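What the coordinates show
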Amino acid sequence: MTWRRRGIALCAAALLVLTGCGGGDSGDGSSGGGEASGQVTIDFWHIGTQEPFRSVRVQQAKAFMEANPNVKINVQAIENDAFKSKMTTVAQTGKLPDIFQSWGGGVLKQQIEADLVKDITEDISSWVDTLSPSSLVPYQFDGKTYGVPYSAGMVGFWYNKKLFKEAGIEEPPATWSAFLDAVKKLKAKNITPIALAGGESWTGHFYWAYLAMRVGGLDALKQAEADNNFNTPDFVQAGKHLRELVELEPFQPGFLGAKYNTPDGQAATVGNGKAAMELMGQWAPNVQKEASGKGLGDDLGFFPFPAVEGGKGEATDVFGGADGYAVSKDAPPAAVEFLKFISSVEEQKKLTAEGAIQPVVKGAEEALTDPNLKQLGETVAQATGFQLYLDQAFPPAVGGQVNDSVAELIAGKKTPEQVAEAITETAKTEAE
Amino acid sequence: MVEIRRGSGGRASSRPLSPQEGSSRPVPPKGGAGPGRERRRRAMSAWTTIVLFLLPGLVLFGLLVLLPILIAGYLSFFKWNGLGGIPAPGSDRFIGLDNFVRLFNDPIVLGDLWHMLVLVVLSLVIQLPMALGIALLLNQKMRGRAVYRTLFFAPYVLSEVIAGVLFSLVFSPEHGIANEMLTAIGLENAAAEWLADPDIVLYSLFMVITWKYFGFHMILYLAGRQSIPKELLEAASIDGAGPWRQFRYVTLPLLGPTIRVSIFLSVIGTIQLFDMVWVLTQGGPVHASETLAVTMYQFGFQRNQFGYASAISVVMFLISLVFALGYQRWVLRRDTEGAITSMRDQR
């Protein structure tokens, strides 16, 4: 009998626990249950799993908590891909972490439309002019600001000066035909011209995007974003130029399966001197060093994506993005205060000095020591136009299709026309 | 964890009840006050106990298994980017069967179905016979038998992720052991871009799966083989049956139930294949090694098309369900029927 009664009690307890779990989340809405006592908890998710990011963010949170004893910051560094998956899952519950990594653009726009993100225009108005205006562009919609950038840079070619010299290439190519010539010269010397992580399709989309910018100009991309039509001569022409490059077979053996930052991936291949160049963003030197163990040091050089003859785009138009943090709808005011704190010149300099970021706060660029990053910073500063990464600028469905279709183009499975059609089809259905 | 233990505790405590009931049945009740009511009361209380003990398990099963299946089924009729809550039944996000129409015209999904078929056939034709052969070999008396058994079983114990990372190193195009070994023994021409060539990658994947899982099937077969009485084989050999005939007419038929179960597990595992593919290739290059589960993940969690991803998961579920039920009905019937009748006999 007691056995049975105990069983009943257990069942009842189990039920209570279960129902308790189900309903518990909703009460937790405005982060930090103990707000009555003035105690605030801030969840901070970022993707800096590598050093110096990981420890700098923790130090900054500690310093902020010491200055504001009523604030507790939970810092979580989550690896890029895992972070994106995790965000999609928590977004479904209708609640995001108080501060989270964002790249702005289409993904942030979807989150704003779902009413998950805080409009911080007012909160940051007193110090927003310390940030470089172009880095804020991906975070601004309809005149309102939804995020604070911490690093803004561009994609360009990182090349091995020694290998270029060996192949007899005097100076970095400034036009597409000169670039193709350089690839041929490198091949003639038995040097792998380009490393590409074909296993991660975002790396390939840089080529197509830059070519589209050079051929059609920034207006072509704006137009496509507005009317969801990528099936235009400009985008097809961009695909054809990319085919010209692919047909020279410029990539390392097995590139279709290669990853970006693994020990035999794209970054390591360049870092080890096994390929002469890669098309990558401002983080490239750092990852080359991490993945290959040493990096190229002084042999590493940088040149912007070459101009395409007869194209409508300027060679000074820049393709890239700004990493930043957005704030969730219900986040406490201290969250924005923390962003202000890490956006001070001194805090920005900490990461800048390590070469981990391309600073967005005016004055922090003094800390840049690396000549390549300095050159990159100047190129961004003098840019005539700016285009955000396509897989960030568009909604995830369209961005994913761009990456996927371009990867198929590079693998020779799709024609330039089919690529333009496939992206258009996804963009049109997504907009319905 | 706690709930699971509680569930089994429930089963354990209900066991002493039934013999009690069983033994009470032949004994006629002493009091004349309504034997029927007494029996009913007992049956009632037995039912209350059963229901109460099953409840936690049922609630968990409902919440964690049935509900997600229903939600996925529901979502498969919508176009939803995962934000702003699950769409209401009447919302403009409802698109009827469009997701399913798209799915059966999507070359990626059709490719997935083809890869599934190839992997199932290869498993049945190569992996399982190999496991059977090795199991029979390791059943012979030989030196170091236990060592071999452990060695062959070891890959199965390894986590999928670890195995995947290991093989991505083995198959690395320039420094991978696979190519270095082939070159070292003079087979440079056989060296390949194992994971980077769309025409080869599926077979490389199959190699890894075989390496990982044949040990599991081998253990199943070993257990099955050891339950075959020695006398039968002795009798066969006295009747003049050679090793092949002994295998064909004694071992194989008696291993039947084991083989049928192992085929079942292998096929279901192949339909749901995800982790190994994800770690090794993420379905690439250009979808050449993609499986339904990988496609579902990519559309759901990377492209935020949760409606379409749900439709893919529904198709995957239906394929598994139809196969499982059909297999139970047509192939496993003999085995399960035996089990049930013998249970009845025991009763």
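Shown above is the structure to which this text applies.
As a starting point, this report considers the structure included with it.

Conventions we followed
Residues numbered from 1 in each chain as written. Chains lettered and ligands numbered in written order. Predicted model: local features only at pLDDT ≥ 70, side-chain atom pairs only at ≥ 80, totals over all residues. Heavy atoms only, no water. Contact = heavy atoms within 4.5 Å. Buried area = accessible area lost by both parts, 1.4 Å probe. Salt bridge = Lys/Arg side-chain N within 4 Å of Asp/Glu carboxyl O. Polar contact = N/O pair within 3.5 Å; in protein donor to acceptor, adjacent residues only side chain to side chain. Helix = DSSP H or I, 4+ residues; strand = E, 2+ residues; numbered from the N terminus. Buried < 20%, exposed > 50% of the residue type's maximum accessible area, 1.4 Å probe, protein only. Expected span 1.5 Å × (residues − 1).

1. Focus on the interface of chain A and chain B
Counting residues at the interface gives 39 residues for chain A and 42 residues for chain B. Both sides together, the interface formed by chain A and chain B hides about 3,400 Å², and carbon and sulfur atoms give 60% of it. In this structure, the connection of chain A to chain B is made through 1 salt bridge. Here arginine 303 of chain B makes a salt bridge to aspartate 404 of chain A, at a shortest N to O gap of 3.5 Å. Across the contact surface, chain A and chain B share 8 residue pairs in polar contact (both at pLDDT 80 or more). By residue number, the principal contributor to the side of chain A that touches chain B is helix 1 (residues 2-24) of chain A, which donates 9 residues.

2. Thoughts on the pattern of salt bridges
Oppositely charged side chains can form a pair if their charged atoms are brought close together. Residue and element names in this part refer to chain A. One pass over the structure, following the stated rule, counts 8 salt bridges over all chains. The closest approach of N and O atoms between lysine 329 and aspartate 115, which form a salt bridge, is 3.0 Å. Highlighted residues: lysine 329 in the loop between strand 11 (317-327) and helix 12 (333-342) and aspartate 115 in the loop between helix 4 (105-113) and helix 5 (133-136), separated in sequence by 214 residues. The partly exposed category is assigned to aspartate 115, whose relative accessible area is 48%. Note that glutamate 417 is salt-bridged to lysine 240, the shortest N-O span being 3.8 Å. Of this pair, glutamate 417 sits in helix 17 (residues 416-431) while lysine 240 sits in helix 9 (residues 233-247), placing them 177 residues apart in sequence. Owing to a relative accessible area of 37%, lysine 240 belongs among the partly exposed residues under this scheme.

3. Overview of the side chain of threonine 210 of chain B
Residue and element names in this part refer to chain B. For threonine 210, the location among the structural elements is in helix 9 (residues 201-226). Engagement of the side chain of threonine 210 in a polar contact is seen with the backbone oxygen of phenylalanine 206, the distance being 2.8 Å. Contact partners of threonine 210, with chain neighbours within four places excluded, come to Gln127 and Met130.

4. With respect to helix 9 of chain A
For helix 9 of chain A, built from 15 residues, the straight-helix expectation of 21 Å at 1.5 Å per residue is met to within 8% by its first-to-last C-alpha distance of 21 Å. Glutamate 249 of chain A sits one or two positions beyond helix 9 of chain A and adopts a positive phi of about 50°.

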